[in-house]
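Chain by chain, the residues run as shown.
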Amino acid sequence: MGIYAVKTTASQERTVADMIINREEEAVHAALAPDSLTSYVMVEAEDASVFDRILDEIPHANGVVQGKSSIKEVEHFLSPKPDVEGIAESDIVELVAGPFKGEKAQVQRIDEGKDQVTVELYEATVPIPVTVRGDQIRVLDSEER
């Protein structure tokens, strides 16, 4: 048993992974389409011969990369990184969602456990701390760069 990389058409990774799993092949155990991996789906299967049977019938699946991978090589795809990773206190950010969308702010506090950031809006007359999710901001200027 191993993990195989199936080449796909760009932006069709989830579709291919779903089609592989929905075939209910006994030799296929799992399919993974990580957001950070473009044009590939990771498939756990008994051996590569299973792909000879199924890939011709799955649109957007373009073949299998030679060789197999171990779980060690793909485990970093299994645990998502927090949205607040790469953000530091005093960074200048722009809010990209929510009621303050488009506003610039400075990071005051980071709560990695909850994946939240407390920022202070620049244009506000009175400095008010606003707590937002990590995926609702974009770093414009970082002190560390």
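Residues numbered from 1 in each chain as written. Predicted model: local features only at pLDDT ≥ 70, side-chain atom pairs only at ≥ 80, totals over all residues. Heavy atoms only, no water.

Participant: For the sheet that holds strand 3 (residues 40–45), give the residues involved together with the corresponding values.
Facilitator: Read across the open sheet, the 4 strands follow the order 2-3-1-4; overall the sheet is antiparallel. The open sheet has two free edges, formed respectively by strand 2 (28–32) and strand 4 (61–64), since each of these has just one partner strand. Across the sheet, the axes of successive neighbouring strands diverge by a mean angle of 30°, strand direction being ignored. In the sheet, strand 1 (residues 2–8) pairs with strand 4 via 3 bridges, with the strands oriented antiparallel. The partner of Lys7 across the bridge, within strand 4, is Gly63. (Pairing = 2+ DSSP bridges. Helix = DSSP H or I, 4+ residues; strand = E, 2+ residues; numbered from the N terminus. Axes fitted to C-alpha atoms, helices over the stretch in contact; angles between N-to-C directions.)

Participant: Give me the lowdown on the layout of surface pockets, citing residues and values where you can.
Facilitator: Over the atoms rolls a probe the size of a water molecule, and its path tells where empty space is left. As a volume, the largest pocket reaches approximately 240 Å³. Taken together, Pro34, Asp35, Ser36, His76, Phe77, Ser79, Pro80 and Lys81 form the lining of the largest pocket. (1 Å grid on protein atoms, 1.4 Å probe; cavity = no way out; pocket = protein on both sides within 12 Å on 5 of 7 lines; lining within 4 Å. Points joined across faces, edges and corners; volume = space filled by probe spheres on them.)

Participant: I'd like a rundown of the sheet that holds strand 8 (residues 129–133), residues and numbers included.
Facilitator: Taking strand neighbours across the sheet as the criterion, the 5 strands line up as 8-7-6-5-9 in an open arrangement whose pairing is antiparallel. On the outer flanks of this sheet lie strand 8 and strand 9 (137–141), each paired with one strand and no other. Pairs of neighbouring strands in the sheet enclose a mean axial angle of 45°, with direction left out of account. Where strand 6 (residues 104–111) meets strand 7 (residues 116–121), 6 bridges bridge the pair, whose relative direction is antiparallel. Pairing of Ala105 across the sheet is with Leu121, part of strand 7.

Distances and angles like these do not, on their own, reveal function.
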